Amino acid sequence: MDFKKLTAKAKQAIDERGGTERLKADAQRLKDIATAPGTLDEKRRQATEVLKAPPSKADPEAPPDAGSDPDAPPS
């Protein structure tokens, strides 16, 4: 197994996602979802939304916006 190649792919995936701060924020959101009340199916849906959200380098703490365009000028 080539650990250098594996490490490079992991770093690339983290960078594409928005860096380590975004990774930490996503992990915290997933933890909050897992410990919140609700059915397993509801938790699965919420976690899927967090992971499918497009990466945002602007604010790692901001929740993912469904349907908003990050490149659009503010109104």
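Residues numbered from 1 in each chain as written. Predicted model: local features only at pLDDT ≥ 70, side-chain atom pairs only at ≥ 80, totals over all residues. Heavy atoms only, no water.

Moving on, we get to the overall build of the chain. When helices and strands are tallied, the chain shows 3 helices and 0 strands. The burial tally for the chain puts 15% of its 75 residues in the buried class. Across the chain, every contact between residues at least 6 apart in sequence was considered, and the portion connecting residues at least 24 apart equals 59%. Split by element, the accessible area of the chain, about 6200 Å² in all, is 59% carbon and sulfur. (Helix = DSSP H or I, 4+ residues; strand = E, 2+ residues; numbered from the N terminus. Buried < 20%, exposed > 50% of the residue type's maximum accessible area, 1.4 Å probe, protein only. Contact = heavy atoms within 4.5 Å. Areas by Shrake-Rupley, 256 points an atom, 1.4 Å probe, with all protein chains shown as cover.)

What follows is about the pattern of salt bridges. Within the structure shown, the criterion is met by 7 salt bridges. Between Lys11 and Asp15 there is a salt bridge; the shortest N-O distance is 3.1 Å. One end of the pair is Lys11 and the other is Asp15, both in helix 1 (residues 3–17) and 4 residues apart, which spans about a single turn. With relative accessibility at 52%, the residue Lys11 sits in the exposed group. Exposure remark for Asp15: the relative accessible area of 38% places this residue in the partly exposed category. Taking the shortest distance from any N to any O, the salt bridge between Asp41 and Arg44 comes out at 2.7 Å. You can see Asp41 and its partner Arg44 sitting in helix 3 (residues 40–52), 3 residues apart, about one turn around the helix. On the accessibility criterion, Arg44 (46% relative accessible area) is partly exposed. Three or more residues are tied together by salt bridges with common partners; here these are Arg17, Arg22, Asp26 and Arg29. (Salt bridge = Lys/Arg side-chain N within 4 Å of Asp/Glu carboxyl O.)

For the pair helix 2 (residues 20–35) and helix 3, the least separation of the axes is 9 Å and the interaxial angle reads 170°. Considering the angle they form, helix 2 stands roughly antiparallel to helix 3. Facing helix 2, whose interface residues are Asp26, Arg29, Leu30, Ile33 and Ala34, helix 3 presents Lys43, Gln46, Ala47, Val50 and Leu51. A breakdown of the residues in the contact of helix 2 with helix 3 according to their chemical character gives 6 nonpolar, 1 polar and 3 charged. (Axes fitted to C-alpha atoms, helices over the stretch in contact; angles between N-to-C directions. Parallel < 35°, antiparallel > 145°, perpendicular 65-115°, else oblique. Nonpolar A, V, L, I, M, F, W, Y, C, P; charged D, E, K, R; others polar.)

Treat this as a map of the structure, not an account of what it does.
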